[in-house]
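This is what each chain is made of:
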There are 2 protein chains.
Amino acid sequence: MNFKISKRPFYTALTSVSHAISANSPIPSLSGIKIEALEDHLVLTASDSNISIQREVYASEDCELIIFEPGAVVIDSRYILEIVRKIDSDQLQLELVDGALTRISGHLAEFNINGISASLYPDIDFSKQAIEFSVQAKDLVKVIAQTVFAASDKETRPVLTGVNFRLVGNEFTAVATDSYRLAKSVVSLDNNDTNFSVTLPAKSLNEVVKTLEDEDEVIMSVSDKKVQFFLNNTLIQTRLIDGLYPETDRLIPNEYAYEFEIDAQDLLNAIDRASFIKSDGISVVRLEASSDEVVISSKSQEVGSSFEKIVPQSYKGGDLSISFSGKYVYEAIRALNSSKVLIKFSGPMKPFVILNPGDDSVLQLVLPVRTYN
Amino acid sequence: MNFKISKRPFYTALTSVSHAISANSPIPSLSGIKIEALEDHLVLTASDSNISIQREVYASEDCELIIFEPGAVVIDSRYILEIVRKIDSDQLQLELVDGALTRISGHLAEFNINGISASLYPDIDFSKQAIEFSVQAKDLVKVIAQTVFAASDKETRPVLTGVNFRLVGNEFTAVATDSYRLAKSVVSLDNNDTNFSVTLPAKSLNEVVKTLEDEDEVIMSVSDKKVQFFLNNTLIQTRLIDGLYPETDRLIPNEYAYEFEIDAQDLLNAIDRASFIKSDGISVVRLEASSDEVVISSKSQEVGSSFEKIVPQSYKGGDLSISFSGKYVYEAIRALNSSKVLIKFSGPMKPFVILNPGDDSVLQLVLPVRTYN
C-alpha cells in the first residue's frame, strides 16, 4: 500500500468513520481504522461490531489522491487521527514499509507507526439487505432527534434501549420509551410498499445523526438482523436489538380533561430554573394550572423552594395540579422544536402529552410523579 | 438583609469570589459565599481556608444597588451562582425572610433558598500585612504564568508545590521547580526598600491570575503567614507554604558548550507531534543537533516512531544528542511567549536552558532523560 492524499478531506473521512469505534473494544483490531487502497479509491472502515461505518474516498477537486500501490492496513484510530490532524502539510503520504509498519509522512515530518495486519480485521458483511427505500436525510434526523433521548439507559429491558422504527404504508414512525416517558415522531415516505418493525440501538442512532449532517437523501436497507444507511460515499450499518417492541399506542390517552397552550421558551426556562432544586438528585417539578396562570414550582428539604408564574395563551378545563420529572418534560419540550407547546392532561395521576400545536407528526408523553406534600 | 441589585455585575462579582471555593471543603459554610449588605455596599467573601477572596460591590453607572436593610447570610455557591445566572430579569432582590432562609426574586420567578447563618462562617483575618508594595498586574501575570506550571504536583516535598516569590532590591523574582525542571521569571519594581522570600501555593496563584485580568495595578502585602493582593474592589489572600525554598540558582549552568536559535513555533509543533508517541504514558523526545539541522524524534516499542527535521537559525558547538520529556520542553517554550527560542546545552546529560533571545528576564531549565537506545 502506498498513496498520497490531501490532508483535510482525509482527516474528515477518518473522523466520520471513527464514530463507530468504542473506547474499550474487546477485539484489538477494532480499535483501529481499516485503510484500504484500491485501484482508484480508498475504503475506510471502522466498527465496534454493533455499528460499522464504511466510507469511500475518491480523487476530486478538493481531494488529491494518487494511489501508487494498492493494499490495506489497520491503524489505531487515536494514532492516525492525531498524526493526520497534527501533520504540518497539505498533503501526506501513507506507505506500508514492513509488515504492518506504516510510514505516514508530510513535509519534514515522518511517522512510522505499528499497524495491525488487515487480515486480522473482522470480516464485516456490508451486503445490501432485502428491503430498501429512500428517505430525506432531514426527515431521518427529525425522527431520530425527536425520539432517541427517550430511550432507556438501563439494560434491564434491552429492547427499550433502542428506538423502534416502523414502516406501515407510507408512514414511517420512530418510537422510544424508557417506560416513564415516550416519544413518537412520524414522517411520510413516497411510493413505498414494504412494511417492517425493527429496533435500533440508541447509541448507533446518535452516531447516524452526526454523519447525516449535510446530506440530502439516504437509502435505508433493512433486514431482521441489521439496518443500513447509504449516504453519499458512506455506509453506516447497525445491528438490531432482539425482542418484541411493546405496543406503545395504547399508552396514549384518547381523551383529555384539561389542556393549555403556552410559550415554549417561557415554559422551558421556568422548568430549567425549577429543576435546579433537586431531592436525592432528582428534580420533581410541580405544575398548578388554572385559566389565569400556570405556576411552576419545586421544593426540597435541603435546598429550598422555587416558584414562578406564566400566563397560558389558552386554557380548557378546571384547576389542575400535577408533578413530574423536570428533566423529562424539559427534554420533551426541547425536542418539539416549536415556539408554542400544547399540553393535554387526562387527570392528575394520568400520563400527559406535550404537542407542537402546529405539527401533529410528533408527540411526547410523560408519566407524572406521585408526591406527598 | 434586603437589597436589590443589577443581575450582571452581581453575577460577575459572585463568580470572581467563587474561585476561592474548593469542591470538598470539610467546613460546610465554606461551600458558600458570604453575602454581607452594609450601609452603602455589599461585601462578598469566599474561601477554602488556603485562599480567600473578598470583593466589595458599590452602586455605579453599570450596577444599580439599593440596600433596604443591612445584614448577612451564607449561600451555597452552586445555588446562588445558578439562580443568579438563570434568573430571567435584569434586576434581582435578595431578602432574608426567616432565619437563614433567603428569598431571591426577579421578574415572575422566586426562590427561597436555605442559607447558612453568617455567624457560622469562619472569621477570616483580612487585615493588611506589614510589608506592602505595588506591582503592575501585567508583570504579576507574567511572572506567575511563566513559572507556575513548573511547580510540583506531588506532596512529597510540599515546598515544591508552590512558587517562590523573592524581592531583593528592585528585583522581584518568581521561581518554580518540581526538581526535573525549573522556571524563573523576573520583573523590576520601582522604589522598593523591602526584601522577602515567600512560597505561595501554585493552586492559589492560578486563581490570582484569573482575577488579575483587566486590572492595572496590584498592591501586594506580605507577612510570614500570608500574601495579599489588593485589586480594584477585590482582595485575594493566600496562606504561604512553610519550609525553606531550595537555592535554585546553583542549578543553572554557568557555561554552555552548544547553543542554537530556532523558530519557536516550528520547534513547538515538532515536539507536539513527537510527543504523541508515548512509552508507559511518558513522551520522551530525542533531539539531535548539528550546524545543519535539528532532528526531533521519538520512539516507542508499542506505537512506532517519529522523525522530523528543522533548520536552526544559528548554531554553535559540535554535534549533540539529548533526550527529554516532551511535555516539559513544550510547556517551557510556550511559557516564553516568543517567536524564537535560544537553547543552550552544557552536555548530553546536563540540564539545559531554554531562553527568549529578546528577553533575559525569563529562564526555563529542563533536566535531560537517560535513554537506552
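Residues numbered from 1 in each chain as written. Chains lettered and ligands numbered in written order. Predicted model: local features only at pLDDT ≥ 70, side-chain atom pairs only at ≥ 80, totals over all residues.

Caption draft 1: Fine view of the overall build of chain A. Each helix and strand in chain A was counted, giving 6 helices and 26 strands. With the principal axes as the frame, chain A shows a C-alpha extent of 75 × 50 × 40 Å. A burial count over chain A gives 43% of its 373 residues as buried. Pairs at least 24 apart in sequence give 67% of the contacts found in chain A among residues at least 6 apart. (Helix = DSSP H or I, 4+ residues; strand = E, 2+ residues; numbered from the N terminus. Buried ≥ 20, exposed ≤ 12 C-beta atoms within 10 Å, placed from the backbone. Contact = placed C-beta atoms within 7 Å.)

Caption draft 2: Geometry of the sheet that holds strand 14 (residues 196-201) of chain A. Residues and elements named next belong to chain A. An order of 14-11-12-13-26-25-24-18-22 is seen for the 9 strands of this open sheet, with the pairing classed as antiparallel. Of all strands in the sheet, those with a lone pairing partner are strand 14 and strand 22 (314-316), marking the two edges. The mean inter-strand angle of the sheet, taken between neighbouring strand axes irrespective of direction, is 20°. On top of the sheet, helix 3 (residues 137-145) reaches strand 11 (162-168), strand 12 (171-177) and strand 13 (181-188); it is set at about 165° to strand 13, its chief contact. Its contacts with the sheet put helix 4 (residues 202-212) on strand 11, strand 12 and strand 14, and the angle it makes with strand 14 is roughly 85°. (Pairing = 2+ DSSP bridges. Axes fitted to C-alpha atoms, helices over the stretch in contact; angles between N-to-C directions.)

Caption draft 3: Representation of the nonpolar core. Counting 106 residues, the largest nonpolar core has A:Ile33, A:Val163, A:Val329, A:Ile333, A:Val341 and A:Ile354 as the members making the most contacts within it. Looking at this core, the element that brings in the most residues is helix 6 (residues 326-336) of chain A, giving 7 residues. Grouped together as the second largest cluster of nonpolar side chains are 105 residues, B:Leu44, B:Ile144, B:Val218 and B:Ile277 included. (Core = buried A, V, L, I, M, F, W, Y, C linked by C-beta atoms within 7 Å.)

Caption draft 4: Inspection of the domain arrangement of chain A at higher detail. All names here are of chain A. Looking at chain A, the domain boundaries give domain 1 (2-120), domain 2 (131-246) and domain 3 (252-366). Its C-alpha centre places domain 2 at a distance of 28 Å from the equivalent point of domain 3. Contact with domain 2, which involves 11 residues of that partner, is made by 10 residues of domain 3. Per element, the largest residue contribution to the side of domain 2 that touches domain 3 is 7 residues, and it comes from strand 13. (Domains from an automatic or database assignment.)

Caption draft 5: Main features of the sheet that holds strand 2 (residues 32-37) of chain B. All names here are of chain B. The sheet built from 9 strands is open, its strands ordered 10-6-2-3-4-18-17-16-11 with antiparallel pairing. Each of the sheet's edge strands pairs with one partner strand only, and the pair in question is strand 10 (116-117) and strand 11 (131-136). Both strand 2 and strand 6 (residues 71-76) contribute to a ladder of 6 bridges, which runs antiparallel. Within strand 6, the position partnered with Lys-34 by the bridge is Val-74. Docked against the sheet, helix 1 (residues 7-18) engages strand 2, strand 3 (41-47), strand 4 (51-58) and strand 18 (234-239), running at close to 165° with respect to strand 4.

Caption draft 6: Representation of the relation of the copies chain B and chain A in the model. The two copies are related by a screw motion: chain B maps onto chain A through a turn of 180° and a shift of 0.0 Å along the axis, at an RMSD of 0.0 Å. This pairing of chains is accounted for by a two-fold axis. Closest to the rotation axis within chain B is the C-alpha of B:Ala23, separated from it by 14 Å. Interface overlap between copies: 100% of the residues of chain B at the interface are likewise at the interface in chain A, consistent with a symmetric, same-surface contact. (Least-squares fit on C-alpha atoms with pLDDT ≥ 70 in both.)

Caption draft 7: Fine view of the interface of chain B and chain A. The interface of chain B with chain A comprises 24 residues on the first partner and 24 residues on the second. Of all the secondary structure elements, the ones that give two or more residues to the side of chain B that touches chain A are helix 2 (77-86), strand 9 (109-114), helix 5 (264-275) and strand 22 (304-310) of chain B. Here the residues of the side of chain B that touches chain A are counted per class, giving 9 nonpolar, 6 polar and 9 charged. Sheet analysis places strand 21 (residues 304-310) of chain A next to strand 9 of chain B, joined by 5 bridges and oriented antiparallel. Bridge assignment links A:Phe307 to a residue of strand 9 of chain B, and that residue is B:Glu110. (Nonpolar A, V, L, I, M, F, W, Y, C, P; charged D, E, K, R; others polar.)

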